[in-house]
Amino acid sequence: MKIVFMGTPDFAVPCLQKLIDLGHEVTGVFTQPDKPKGRHGILTPPPVKELAEANGIKVYQPTKMKDGTALEMLKEAAPEVVIVVAYGKILPKEILEYPQFGCINIHASLLPKLRGAAPIQWSILEGYDETGVTSMMMDEGLDTGDMLISRAIPIGENENAESLHDRLSVLGAEVLEETLDLLKKGELKRTPQNHAEFTYASMLSKELSPIDWSCSAKQIHDKIRGLAPWPSATAKLGGKVFKIHESVISQGKAASAGEIVESGKRLVVCCGDGKCIEILSLQPENKKSMPASDYLRGNPVDAGTKFEN
């Protein structure tokens, strides 16, 4: 079966690698254009492009999808099916309808929950205890197509978005393999989504970062986990903004919201529900991330001091 793969970031790499390992005929890879990165703005290829080129697969990097250029590229690659994993571009109708077996998307949530750009982070931010990967037939809506296969995994109590991303990317490759196997056998079944149950996972921004200490300990812990490593939860202390990278829900005496109740070797803060979190690692302004205990050793903070909202 001739396959075109469309994907861009690290999340998509295990799926492309799976296609290569299984010996599928990948006739082309579509990925986002190279972008400048780092302090010096060095033009850097997407991870998917690097893997494709390392395996001698032709790479296409259209800047637009609706002007006919991408369609001509697709016709050149002549796929029977298109696999889309975190590509980052909306496919127009003419591309969706071109392959014989359509376009199949690997999405990092249990649809119809968490459609959209950031399902991994929002599964933690919303306090879910499980998430997963769904393969689906693409249509013109945003993650609205018929579901094919769903696989769930639990979310660890202290797991952050980075580690969950890595586990889901591996699961995505497994779901892709199973989906293609059933497609080849003619046994793939489509299940329409219940659109009444959908939720939306919007793009992340730094506007989400500030911690509201009036929230519960779990909500604050989930924010810290869900926004790690970017854009990071933030908290203001003594007029300075700290990135909070890691926490656990902890025992501590009840106090007012945002009040530091322990600040010797541990940094324990009371939250809005009277329960506490312990901040394990943080990053002061213009400095590197460090264990909270190391920060306290050089910057003592009195118990009773409050983080500012």
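See the structure shown above.
Quick look at the structure, then. (Residues numbered from 1 in each chain as written. Predicted model: local features only at pLDDT ≥ 70, side-chain atom pairs only at ≥ 80, totals over all residues. Heavy atoms only, no water.)

**As for a nonpolar patch on the surface**
Inference 1: Taken together, the side chains of L142, F198 and Y200 present a nonpolar region at the surface, about 320 Å² in accessible area.
Inference 2: With respect to the helices and strands, F198 occurs in the loop between α6 (161–185) and β11 (200–201).
Inference 3: Taking relative accessible area as the criterion, F198 reaches 42% and is therefore assigned partly exposed. (Patch = residues over 30% accessible without salt bridge, like charges linked within 9 Å, V, L, I, M, F, W, Y side chains within 5 Å. Areas by Shrake-Rupley, 256 points an atom, 1.4 Å probe, with all protein chains shown as cover. Salt bridge = Lys/Arg side-chain N within 4 Å of Asp/Glu carboxyl O. Helix = DSSP H or I, 4+ residues; strand = E, 2+ residues; numbered from the N terminus. Buried < 20%, exposed > 50% of the residue type's maximum accessible area, 1.4 Å probe, protein only.)

**Considering the packing of aromatic side chains**
Inference 1: All told, the structure shown has three aromatic pairs when counted by the stated rule.
Inference 2: Ring geometry for F242 versus Y295: centroids 5.3 Å apart, planes at 80°, classification edge-to-face. In this pair, F242 is assigned in strand β13 (residues 240–250) and Y295 in helix α8 (residues 292–298), connecting sequence segments 53 residues apart. Each member of the pair, F242 together with Y295, is buried. (Phe/Tyr/Trp six-rings, centres within 6.5 Å; stacked < 30°, edge-to-face > 60°.)

**Some remarks on unusual backbone geometry**
Inference 1: Of the consecutive residues A228 and P229, the connecting peptide bond is found in the cis state with omega at 5°.
Inference 2: Inspection of the secondary structure puts P229 in the loop between α7 (217–226) and β12 (233–237).
Inference 3: Of the consecutive residues W230 and P231, the connecting peptide bond is found in the cis state with omega at 5°.
Inference 4: Positive phi is not limited to glycine here, since L114 has a value of about 60°.
Inference 5: With respect to the element layout, L114 can be found in the loop between β7 (103–107) and β8 (115–116).
Inference 6: For L114, a relative accessible area of 2% translates into the label buried.

**Section: the pairing of strand β16 (residues 276–283)**
Inference 1: Of all eight residues in β16, seven are buried, a share of seventy percent or more.
Inference 2: With seven bridges connecting them, β13 and β16 associate as antiparallel partners. Its bridge partner lying in β16, E246 is registered against S281.
Inference 3: In terms of strand pairing, strand β15 (residues 267–270) meets β16 through four bridges, oriented antiparallel. Across the sheet, the residue bridging to V268 is E278, located in β16.
Inference 4: Taken together, β15 and the strand that follows it, β16, pair antiparallel across an intervening segment of five residues, in which G274 is found at a positive phi of about 85°. (Pairing = 2+ DSSP bridges.)

**Quick notes on a negative patch on the surface**
Inference 1: Together, D10, E50, E53, E162 and D166 make up a region of like negative charge exposed at the surface.
Inference 2: Those elements that place two or more of their residues in the negative patch are α2 (47–54) and α6.
Inference 3: Counting through the fold element by element, D166 comes out in helix α6. (Lys, Arg positive; Asp, Glu negative; His and termini not counted. Charge placed at Lys NZ, Arg CZ, Asp CG, Glu CD.)

**Concerning the pattern of salt bridges**
Inference 1: Scanning the entire structure with this criterion turns up 14 salt bridges.
Inference 2: A salt bridge links K49 to D34, with the nearest nitrogen and oxygen atoms 3.1 Å apart. Taken together, the positions of K49 in helix α2 and D34 in the loop between β2 (25–30) and β3 (35–37) put the pair 15 residues apart, joining distant regions of the chain.
Inference 3: The class of K49 is buried, set by a relative accessible area of 10%.

**Considerations on the nonpolar core**
Generally speaking, nonpolar side chains in soluble globular proteins are found buried as a group.
Inference 1: Core analysis: the biggest nonpolar cluster contains 37 residues, and F5, L16, V29, I83, V85 and L168 have the highest contact counts within it.
Inference 2: A total of nine residues in this core trace back to one element, the largest contributor, which is α6.
Inference 3: One finds I277, I279, Y295 and L296 within the second-largest nonpolar core, a separate group that totals 22 residues. (Core = buried A, V, L, I, M, F, W, Y, C linked by side-chain atoms within 4.5 Å.)

**Here's the deal with the side chain of Q283**
Inference 1: Its location among the elements puts Q283 in strand β16.
Inference 2: Here the side chain of Q283 touches K287 through a polar contact of 2.8 Å, landing on its backbone oxygen.
Inference 3: When near neighbours in sequence (up to four residues on either side) are disregarded, Q283 contacts V241, F242, K243, H245, K288 and S289. (Polar contact = N/O pair within 3.5 Å; in protein donor to acceptor, adjacent residues only side chain to side chain. Contact = heavy atoms within 4.5 Å.)

**Structural notes on the environment of E157**
Inference 1: Topologically, E157 is positioned in the loop between β10 (147–154) and α6.
Inference 2: Classification of E157 as exposed rests on a relative accessible area of 59%.
Inference 3: When the C-alpha positions of E157 and K218 are compared, they lie 9.8 Å apart, and in sequence the two are 61 residues distant.
Inference 4: Apart from residues no more than four positions distant in its own chain, E157 is found in contact with H221 and R225.

**Points about the packing of helix α1 (residues 13–21) against α2**
Inference 1: Where α1 meets α2, the axes come as close as 9 Å, and the angle between the chain directions of the two elements is 20°. Comparing their axes, α2 and α1 come out roughly parallel. Taken as a pair, α1 and α2 cross one another with a handedness that is right-handed. Contact residues: α1 offers V13, L16, Q17 and I20, while α2 offers P47, V48, L51 and A52. (Axes fitted to C-alpha atoms, helices over the stretch in contact; angles between N-to-C directions. Parallel < 35°, antiparallel > 145°, perpendicular 65-115°, else oblique. Left-handed = near helix turned anticlockwise from the far one by under 90°.)

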